Amino acid sequence: MFTSNLLVINTATNSIIDRIPVGPETAGLALDNARGLLYVATESSSEVKAVSISSRTIVASTTLGGKPLGVAYSSSSGRVLVANFDLGQVHVLNGGTLTPAGNITFGWPLHTVRADGNRISVASWEGSSNWVLDAGSLAVLEQKTYLSPVDFAIDATNGFLYQISFETNTVVRAVLP
């Protein structure tokens, strides 16, 4: 097992200016600009940690169980969302404190979660599915079936979701609800 560091990089000089130890097997990262926090998932320790950008220290953490992989922060709801591979759930945590606010069960191993505007998207390779949720109510707005979705990006300005398919090695563009 190894310890992962969160690297602070000066993009003007392309140099590492700090290394923040966050734990073993870091798997996901999301930025909360309003609170000045980075949320980091560590797969083997089953934790999510909040790291202060200004002090470069861990200011909150929670243990989830399973394998947390993807992390997203929804600025519209103030929630942190964590895709859990082993449990087939998205953990919903309160931003800043990381206190639990609920779980959404999908029944498939989950890999990726993204938040943009009022939408949250979740993907599962094994389930060959992508779900789109309302960020406020967390209600599922739509489920699409794709071959092995690996990762995706949401463009709220035009309402598109761009997704990479592992098996077909293609990018899929879908219109969001």
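See the structure shown above.
**Q** I'm lost on the pattern of salt bridges in this one. Help?
**A** Pairing of side chains with opposite charge becomes possible as their charged atoms draw close. Evaluation of the coordinates by the stated rule reveals four salt bridges. Here Lys 67 and Glu 43 are joined by a salt bridge, their closest N and O atoms 3.6 Å apart. Taken together, the residues span a long stretch of sequence, with Lys 67 in the loop between β6 (58-63) and β7 (68-74) and Glu 43 in the loop between β4 (37-42) and β5 (47-52) at a distance of 24 residues. Looking at Lys 67, the relative accessible area reads 32%, which means it is partly exposed.

**Q** Please explain the pairing of strand β12 (residues 119-124) as it appears in this structure.
**A** Two faces, one strand: in a regular strand the side chains alternate between the faces of the sheet. With six of six residues buried, β12 lies mostly within the body of the structure. Across five bridges, the pairing between strand β11 (residues 112-116) and β12 is antiparallel. Paired with Ala 115 across the bridge in β12 is Ile 120. Note: β12 against strand β13 (residues 129-134), six bridges, orientation antiparallel. Residue pairing across strands places Ala 123 opposite Asn 130, the latter belonging to β13.

**Q** Sorry, what's going on with the sheet that holds β13 here?
**A** Across a sheet, strands are paired by hydrogen bonds formed along the backbone, either parallel or antiparallel in direction. Pairing is antiparallel across the open sheet formed by four strands, whose spatial order is β11-β12-β13-β14. Two strands lie at the open edges of the sheet, namely β11 and β14 (140-145), each paired on one side alone. Here the average twist between neighbouring strands, direction ignored, is 15°.

**Q** Explain the nonpolar core here, please?
**A** Note that soluble globular proteins tend to have their nonpolar side chains buried in a common cluster. The biggest cluster of nonpolar side chains holds 15 residues, and the ones touching the most others in it are Phe 106, Ile 120 and Val 122. Counting residues per element, the ones that place at least two in this core are β8 (79-84), β9 (89-94), β12 and β13. Judged by nonpolar contacts, the second largest core, of 14 residues, contains Ala 30, Val 48, Ala 50 and Leu 93.

**Q** In this structure, what is going on with a nonpolar patch on the surface? I would like to understand it.
**A** On the surface, a cluster of nonpolar side chains totalling about 250 Å² of accessible area is made up of Leu 7, Ile 9 and Ile 16. Relative to the helices and strands, Ile 9 is located in strand β1 (residues 3-10). Given a relative accessible area of 45%, Ile 9 falls into the partly exposed group.

**Q** Looking at this structure, how should I read unusual backbone geometry?
**A** Backbone geometry follows two general trends: most residues other than glycine have a negative phi, and most peptide bonds adopt the trans configuration. A positive phi angle is found at Arg 56, which is not glycine, with a value near 55°. Considering the arrangement of structural elements, one finds Arg 56 in the loop between β5 and β6. One non-glycine residue, Leu 98, lies in the positive phi region at around 65°. Inspection of the secondary structure assignment puts Leu 98 in the loop between β9 and β10 (100-105). Judged by its relative accessible area of 1%, Leu 98 falls in the buried class.

**Q** What is the right way to look at the sheet that holds β7 in this model?
**A** With respect to topology, four strands assemble into an open sheet ordered β7-β8-β9-β10, the strand pairing being antiparallel. The open sheet has two edge strands, β7 and β10, and neither has a second partner. Neighbour-to-neighbour, the strand axes of this sheet turn through a mean angle of 20°, independent of strand direction. Note that β7 and β8 share six bridges and pair antiparallel. Paired with Pro 68 across the two strands is Asn 84, which belongs to β8.

What counts and what doesn't
- Counting starts from 1 at the beginning of each chain's written sequence and moves along it residue by residue.
- Local features in a predicted model are, by the rule used here, given only for residues with pLDDT of at least 70; side-chain atom pairs are given and counted only at 80 or more, and totals for whole chains, interfaces and linings are based on all residues.
- Values shown for side chains rest on all heavy atoms present in the structure; no hydrogens or waters enter the calculation.
- Any Lys or Arg side-chain nitrogen found within 4 Å of a carboxyl oxygen on Asp or Glu counts as a salt bridge.
- Numbering goes from the N terminus for both helices and strands, where a helix is a DSSP run of H or I of at least four residues and a strand is a run of E of at least two.
- Accessibility here uses a 1.4 Å probe with only protein chains present; expressed as a share of the type maximum, an area under 20% marks a residue as buried, one over 50% as exposed, and anything in between as partly exposed.
- If DSSP finds at least two bridges between two strands, the strands pair.
- For helices, the axis comes from a line fit to the C-alpha atoms of the stretch in contact; other axes are also lines fit to C-alpha atoms, and the angle between any two N-to-C directions lies between 0 and 180 degrees.
- What is meant by a nonpolar core is a set of buried Ala, Val, Leu, Ile, Met, Phe, Trp, Tyr and Cys residues, joined one to another through side-chain atoms within 4.5 Å.
- For patch detection, residues must exceed 30% relative accessible area and be free of salt bridges, and they are connected within 9 Å for like charges or within 5 Å for nonpolar side chains (Val, Leu, Ile, Met, Phe, Trp, Tyr).
- Using the Shrake-Rupley algorithm and a 1.4 Å probe, accessible areas are obtained, with residue cover drawn only from the displayed protein chains.

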